[in-house]
Amino acid sequence: KGFRRDKKHRLSSTNHQFFFIVASDSAEVRHIMSFLLPIKRKMSSAASAVSKVGGGNNVWRSFESEMWRTYQRVAPQAKRIHSLFDQQGEDIRNDHVAFRTFNHERVGMNVFEQNLWQHYNYKPVDSYNITEKNLFAKHFEHADYPTEYPLIFVSEFDTRTLSHQNQDTVQEMIESIESAYAPVKDDKFLIKGRIWDPITVSQYESLQSQSSYAAWVAAFGYLPNHFTVSVNYLHKYSTLNQVNRFIETHGFTLNDSGGKIKGSPDIGLMQSSTMAPLVEMQFKDGTTLIPGAYYEFAHRFVIEHDNESELFRGFVGDHANKIFESTDRQN
């Protein structure tokens, strides 16, 4: 008496809400829990954060906004997609931001690791070998607020796998960086863009013929390669299939390498992404259109770990391998 039932089989009174979950199998339970755990964590972390919010947090939020503005310049579709979700009343949360680099001591993984720790209090959590793309990667999380702030995914390309000609091109790029410039000390390194002299169009094409990843880094340098919509926080589009249909209905092309959806609830992660649109890039000898950055969508699920159920917060190398192809040229 005094309670009402809504479309989600939820009974609510003035002061309390009760959820009745009916699941047919374990996969459905994981799907339901993938939404409930973020809500629970959001409520508990928000309560503790009220008294802890300080300068460091404000610094990160401000910088995240700068990254988003920088990213939109090479991913113009991201702003349009974001607006489409906004118009649907969706709560858009960023699952992770990704960066690319080369395995050189001046700009390699150690540089990112030190920079992220010194300026933004991000620490490394796990590492990945993506051998098919000649990449090594790590993901980072905020040391104090790991579930409140987005993850960061950094990968580096092994330049030793390139031809001698292309290795020379990368080496010349690195040598053209100002000798006094120290990326570790620069709190804007992650949005610095190209910190070396521009290469020629033919040098870019040569890199592209061997690795679209290496060509992308050479052209754009240091800025976000992608932002990622967390499907866990969406309401109207609560599955990745629904998100994909919504995106394609509005004319955006999805990466279908290995299937439009990479992953499954069993491993804790499902991902999809747009194909990077062409953007104008200025090279040493002229301007041409090349693939820019893309927008990703991630749905995380509850997995069993050490006899406990927890939301998977890592990455899967095999899936990342296919997601990287979002910056390949489209036929």
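Coordinates for the structure precede this section.
These numbers were taken from a predicted model, which means no experiment stands behind them.

Participant: Before we go on, may I ask you to explain the side chain of Lys-133 in this structure?
Facilitator: The residue Lys-133 is located in the loop between β5 (122-130) and β6 (135-142) in this model. Among the polar contacts made by the side chain of Lys-133, one reaches the side chain of Asn-321 at a distance of 2.6 Å. Dropping the residues within four chain positions of it, Lys-133 is found in contact with Phe-157, Asn-321 and Glu-325.

Participant: Help me understand the packing of helix α6 (residues 201-210) against helix α7 (residues 212-220), please; the structure alone is not making it clear to me.
Facilitator: Angle between the axes and distance between the axes: these two values describe a pair of packed helices. Put simply, α6 and α7 touch, their axes get as near as 6 Å, and they point 150 degrees apart. In this view, α6 runs roughly antiparallel relative to α7, as classed from their interaxial angle. Residues Tyr-204, Leu-207, Gln-208 and Gln-210 of α6 touch α7, and the partners they reach there are Ser-212, Ala-214, Ala-215, Ala-218 and Ala-219. Counted by class, the contact of α6 with α7 contains 6 nonpolar, 3 polar and no charged residues.

Participant: Just to check I follow, could you spell out the pattern of salt bridges for this structure?
Facilitator: Pairing is possible between side chains that carry opposite charge, provided their charged atoms lie close to one another. Scanning the model with the defined rule gives 12 salt bridges in all. Each of the salt bridges in this network shares a partner with another, and the network as a whole consists of Glu-66, Asp-187 and Lys-188.

Participant: Looking at this model, I keep getting lost on the environment of Ser-309. Mind explaining?
Facilitator: Tracing the backbone through its elements, the reader meets Ser-309 in strand β15 (residues 308-311). Polar side-chain contacts of Ser-309 include one of 2.6 Å to the side chain of Glu-304.

Participant: Just checking my understanding: could you explain unusual backbone geometry for this structure?
Facilitator: Note: most residues except glycine have negative phi, and most peptide bonds are trans. For Asn-121, which is not glycine, the phi dihedral falls at a positive 60 degrees. Relative to the assigned elements, Asn-121 resides in the loop between α4 (109-120) and β5. Notably, Asn-307 is not glycine yet its phi reads approximately 65 degrees, a positive angle. Examined against the element boundaries, Asn-307 turns out to sit in the loop between β14 (302-305) and β15.

Participant: Quick question: what am I supposed to make of the packing of helix α5 (residues 164-175) against α6 here?
Facilitator: Two elements in contact, α5 and α6, have axes whose closest approach is 10 Å; the angle formed by their N-to-C orientations is 125 degrees. The angle between α5 and α6 falls in the class oblique. Judged by the twist between their axes, the crossing of α5 over α6 is left-handed. Only Gln-203, Ser-206, Leu-207 and Gln-210 of α6 make contact with α5, whose side of the interface consists of Gln-165, Asn-166, Thr-169, Val-170 and Glu-172. Each residue belonging to the contact of α5 with α6 can be placed in one class, and the counts come to 2 nonpolar, 6 polar and 1 charged.

Participant: What am I meant to see in the nonpolar core here?
Facilitator: Looking at soluble globular proteins, one finds that nonpolar side chains tend to be buried together. By size, the foremost hydrophobic cluster in this structure holds 83 residues, and its most contacted members are Phe-85, Tyr-295 and Phe-297. Take this core: its biggest share by element is 8 residues, from α7. Counting 5 residues, the second largest nonpolar core, distinct from the first, contains Leu-269, Ala-298, Ile-303 and Phe-312.

Criteria and thresholds
- Per-chain numbering applies: the sequence of each chain, read as written, is numbered from 1 onward.
- It should be noted that, the model being predicted, local features are given only for residues of pLDDT at least 70 and side-chain atom pairs only at 80 or more, the latter also being counted only at that level, while totals for whole chains, interfaces and linings use all residues.
- Water and hydrogen atoms were dropped before computing side-chain values, which therefore reflect all heavy atoms in the structure.
- Secondary structure elements follow DSSP: runs of H or I no shorter than four residues count as helices, runs of E no shorter than two count as strands, and numbering proceeds from the N terminus.
- Throughout this description, a polar contact denotes any pair of N or O atoms lying within 3.5 Å of each other; where both atoms belong to protein, one of them has to be capable of donating a hydrogen while the other can accept it, and for residues adjacent in sequence the pair is counted only when both atoms sit in side chains.
- Note on contacts: a residue pair is in contact if any heavy atoms of the two residues lie within 4.5 Å.
- Between the N-to-C directions of two axes lies an angle of 0 to 180 degrees, each axis being a line fitted to C-alpha atoms and, for a helix, fitted only over the stretch in contact.
- Orientation is classified from the angle alone, with under 35 degrees giving roughly parallel, over 145 giving roughly antiparallel, 65 to 115 giving roughly perpendicular, and any other angle giving oblique.
- As a working rule, the residues Ala, Val, Leu, Ile, Met, Phe, Trp, Tyr, Cys and Pro are called nonpolar, Asp, Glu, Lys and Arg charged, and the rest polar, with Gly in that last group.
- We count a salt bridge whenever a side-chain nitrogen from Lys or Arg sits within 4 Å of a carboxyl oxygen from Asp or Glu.
- Each crossing gets its hand from how the near helix is turned against the far one by less than a right angle, where anticlockwise is left-handed and clockwise is right-handed.
- Nonpolar cores were defined as sets of buried Ala, Val, Leu, Ile, Met, Phe, Trp, Tyr and Cys residues, with membership established by side-chain atoms within 4.5 Å.
- Exposed residues in this analysis have more than 50% of their type's maximum accessible area, buried residues have under 20%, and partly exposed residues fall in between, with area computed by a 1.4 Å probe over protein chains only.

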